Every structure is written in structure tokens, then in C-alpha cells.
Amino acid sequence: MKLEIENYNKIAKELKEEYSKLSDFEVLSLAIQIQRNQILENGLVVSSSDKHPVGLEAIAIALGYEGNKSITITDVLRNIANREEV
């Protein structure tokens with residue numbers, strides 16, 4: 001998760017410097033997409049590293065979900081509702 005979301009103008013300037021062959025439209029479009037992705041990353045609490053689970057993944061693990069087994073989050077929730085152990 002990023003602590004600060006970059007302004008699309010700053011992103012556009014960096015893209016234009018790095019990729020001078022892109023048109024102004026392409027640069028602006030990419031800059032807006034990058035800024036949107038940063039907002040989503042912060043809003044969904046997504047980590048760029050797999051070392052520490054965050055957000056929905058941390059909740060799923062706390063509920064008992066284990067990705068390497070065939071049980072799903074829905075199964076875990078159903079078991080919790082039925083007061084069964086996984």
C-alpha cells in the first residue's frame with residue numbers, strides 16, 4: 001500500500017520523459033490509469049509484497065481459509081454458520 005497517491009500530472013511528466021514516443025493522449029490515459037490503480041490499491045488494502053497478507057486476504061486467513069487446500073472461503077463461512085470445525 002502506498003502512503004501517498006501520486007498526482008496524474010506528475011505521473012504524466014515521468015511517463016513523457018521515460019517514453020518520449022508516446023502521444024500526449026497515451027501518456028495522459030496511462031497516467032490516469034496508474035493513479036486509479038493507486039487509489040484502488042489503497043482502498044482495497046493491497047500489498048505489493050506477498051510477505052505479509054493484508055486486507056481481504058488477512059480476513060480470509062483469519063477465518064480459516066488455506067489457499068493450498070480445496071476448501072473455499074464460502075465453505076469456511078458455511079462451517080462457521082453451522083458451528084462446525086474445518
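Shown above is the structure to which this text applies.
Asks: Looking at this model, I keep getting lost on the packing of helix H1 (residues 8–18) against helix H2 (residues 24–43). Mind explaining?
Replies: The relative placement of two packed helices comes down to the angle between their axes together with the axis-to-axis distance. Direction vectors running N to C along H1 and H2 enclose 130°, while the axes themselves pass 8 Å from each other. Between H1 and H2, the angle is such that the two are oblique. Crossing angle aside, the handedness with which H1 passes H2 is right-handed. Here Tyr8, Ile11, Ala12, Leu15 and Lys16 of H1 come into contact with H2, specifically with Asp24, Val27, Leu28, Leu30, Ala31, Ile32, Ile34, Gln35 and Gln38. In the contact of H1 with H2, the residues fall into ten nonpolar, two polar and two charged.

Asks: What am I meant to see in a nonpolar patch on the surface here?
Replies: Side chains of Leu56, Ile59, Leu63, Leu77 and Ile80 sit close together on the surface and give an oily, nonpolar patch of about 480 Å² of accessible area. Among the structural elements, Ile59 can be located in helix H3 (residues 55–62).

Conventions used here
Residues numbered from 1 in each chain as written. Predicted model: local features only at pLDDT ≥ 70, side-chain atom pairs only at ≥ 80, totals over all residues. Heavy atoms only, no water. Axes fitted to C-alpha atoms, helices over the stretch in contact; angles between N-to-C directions. Helix = DSSP H or I, 4+ residues; strand = E, 2+ residues; numbered from the N terminus. Parallel < 35°, antiparallel > 145°, perpendicular 65-115°, else oblique. Left-handed = near helix turned anticlockwise from the far one by under 90°. Contact = heavy atoms within 4.5 Å. Nonpolar A, V, L, I, M, F, W, Y, C, P; charged D, E, K, R; others polar. Patch = residues over 30% accessible without salt bridge, like charges linked within 9 Å, V, L, I, M, F, W, Y side chains within 5 Å. Areas by Shrake-Rupley, 256 points an atom, 1.4 Å probe, with all protein chains shown as cover. Salt bridge = Lys/Arg side-chain N within 4 Å of Asp/Glu carboxyl O.

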